[in-house]
Amino acid sequence: QVQLVQSGGGLVQAGGSLRLSCAASGSIFLINSMGWYRQAPGKQRELVADITSGGSTNYADSVKGRFTISTDNAKNTVYLQMNSLKPEDTAVYYCKTDAVVTISYRFLTVWGQGTLVTVSS
């Protein structure tokens with residue numbers, strides 16, 4: 001009913017920048033929040049940043065001042081601008097949305113397919 005398609009990611013040297021995008025589509029009545037999580041090898045998935053429909057943002061301490069989350073509400077798209085990347089930022093990045101779908105008005109949590117970000121030292 002709701003799909004998330006991610007783009008961006010790849011290989012970058014330490015200190016470089018990357019931008020991730022995630023577009024939501026489908027039977028969306030409203031989006032309550034969108035966010036980015038990451039999972040490094042051997043580690044649990046962790047929150048990177050999220051943003052509510054009202055524009056409130058929340059960042060992991062490890063990325064504050066370096067990453068910026070933003071949305072284009074008209075396109076149901078969330079972005080993650082990542083600057084000053086470090087090798088420890090290497091992970092698979094997943095977007096997530098909490099949304100209400102049309103007709104049934106059920107609340108859903110949907111995950112994107114994941115995209116690999118590799119930061120070389």
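Structure's up top.
Residues numbered from 1 in each chain as written. Predicted model: local features only at pLDDT ≥ 70, side-chain atom pairs only at ≥ 80, totals over all residues. Heavy atoms only, no water.

Asker: Hey, could you run me through the overall build of the protein in this one?
Answerer: When its secondary structure is counted, the protein shows 0 helices and 11 strands. Along the protein, helices and strands appear, N-terminal first, in the series β-β-β-β-β-β-β-β-β-β-β. The C-alpha atoms of the protein give 14 Å as radius of gyration, which agrees with the globular expectation for 121 residues (14 Å, within 12%). Taken along the three principal axes of its C-alpha coordinates, the protein extends 50 × 25 × 20 Å. Relative to its full complement of 121 residues, the protein shows a buried share of 43%. Long-range contacts, defined as pairs at least 24 residues apart, comprise 56% of the intrachain contacts of the protein with a sequence gap of at least 6. Across the protein, the centroid of the 10 positively charged side chains sits 3 Å from that of the 7 negatively charged ones. (Helix = DSSP H or I, 4+ residues; strand = E, 2+ residues; numbered from the N terminus. Rg over C-alpha atoms; globule rule 2.2 N^0.38 Å. Buried < 20%, exposed > 50% of the residue type's maximum accessible area, 1.4 Å probe, protein only. Contact = heavy atoms within 4.5 Å. Lys, Arg positive; Asp, Glu negative; His and termini not counted. Charge placed at Lys NZ, Arg CZ, Asp CG, Glu CD.)

Asker: Would you mind showing me how to read the state of the cysteines here?
Answerer: Covalent bonding between the sulfur atoms of two cysteines defines a disulfide. Scanning the entire structure with this criterion turns up 1 disulfide. Bridging Cys 22 to Cys 95, the disulfide has an S-S length of 2.0 Å. Taking the sign of the S-S torsion, about 50° here, the bridge from Cys 22 to Cys 95 comes out right-handed. One end of the pair, Cys 22, is in strand E3 (residues 18-26); the other, Cys 95, is in strand E9 (residues 91-101), with 73 residues separating them in the sequence. Residue class for Cys 95 comes out buried when judged on its relative accessible area of 0%. (Disulfide = S-S within 2.5 Å.)

Asker: Whenever I open this one, the packing of aromatic side chains confuses me. Can you help?
Answerer: Each aromatic ring pair is described using two quantities: the centre-to-centre distance and the angle formed by the ring planes. This structure, assessed with the given rule, holds 2 aromatic pairs. When the ring of Phe 29 is compared with that of Tyr 105, the centres are 4.9 Å apart and the planes differ by 90°; the resulting orientation is edge-to-face. Here Tyr 105 lies in the loop between E9 and strand E10 (107-111) and Phe 29 lies in strand E4 (residues 28-39), a separation of 76 residues in the sequence. Residue classification places Tyr 105 among the partly exposed positions, given a relative accessible area of 49%. (Phe/Tyr/Trp six-rings, centres within 6.5 Å; stacked < 30°, edge-to-face > 60°.)

Asker: Any chance you could explain the sheet that holds strand E7 (residues 67-72) here in plain terms?
Answerer: Across a sheet, strands are paired by hydrogen bonds formed along the backbone, either parallel or antiparallel in direction. Spatially, 4 strands are ordered E1-E3-E8-E7 in an open sheet, and the strand pairing comes out antiparallel. Edge positions in the sheet fall to strand E1 (2-7) and E7, since each has one partner strand and no second. Each neighbouring strand pair of the sheet contributes to a mean axis angle of 15°, computed without reference to strand direction. (Pairing = 2+ DSSP bridges. Axes fitted to C-alpha atoms, helices over the stretch in contact; angles between N-to-C directions.)

Asker: What's the story with the nonpolar core in this structure? I'm lost.
Answerer: Side chains that are nonpolar tend, in soluble globular proteins, to be buried together. If you look at the biggest cluster of nonpolar residues, it comprises 33 residues, and the most contacted ones within it are Trp 36, Val 48, Phe 67, Ile 69, Leu 80, Met 82 and Tyr 93. Of all the elements, E9 adds the most residues to this core, at 5 residues. (Core = buried A, V, L, I, M, F, W, Y, C linked by side-chain atoms within 4.5 Å.)

Asker: I tried to follow the pairing of E4 on my own but got confused; where do I start?
Answerer: Note on strand geometry: in a regular strand, side chains alternate between the two faces of the sheet. Bridge count between E4 and E9: 10 bridges; the pairing is antiparallel. Considered in E9, the bridge of Leu 30 is made with Val 100. As paired strands, E4 and strand E5 (residues 46-52) are joined by 6 bridges and run antiparallel to one another. Opposite Ser 33, over in E5, you have Thr 52 as the bridge partner. Linking E4 back to E5 in an antiparallel pair, the connection comprises 6 residues, with Gly 42 at a positive phi of about 80°.

Asker: I keep staring at the environment of Gln 3 and nothing clicks. Help me out?
Answerer: As for its position among the elements, Gln 3 is in strand E1. We classify Gln 3 as partly exposed; its relative accessible area is 39%. For the pair Gln 3 and Thr 102, spaced 99 residues apart in sequence, the C-alpha separation works out to 14 Å. Look past the residues within four positions of Gln 3 in its chain and what remains in contact with it is Ala 23, Ala 24, Ser 25 and Gly 26.

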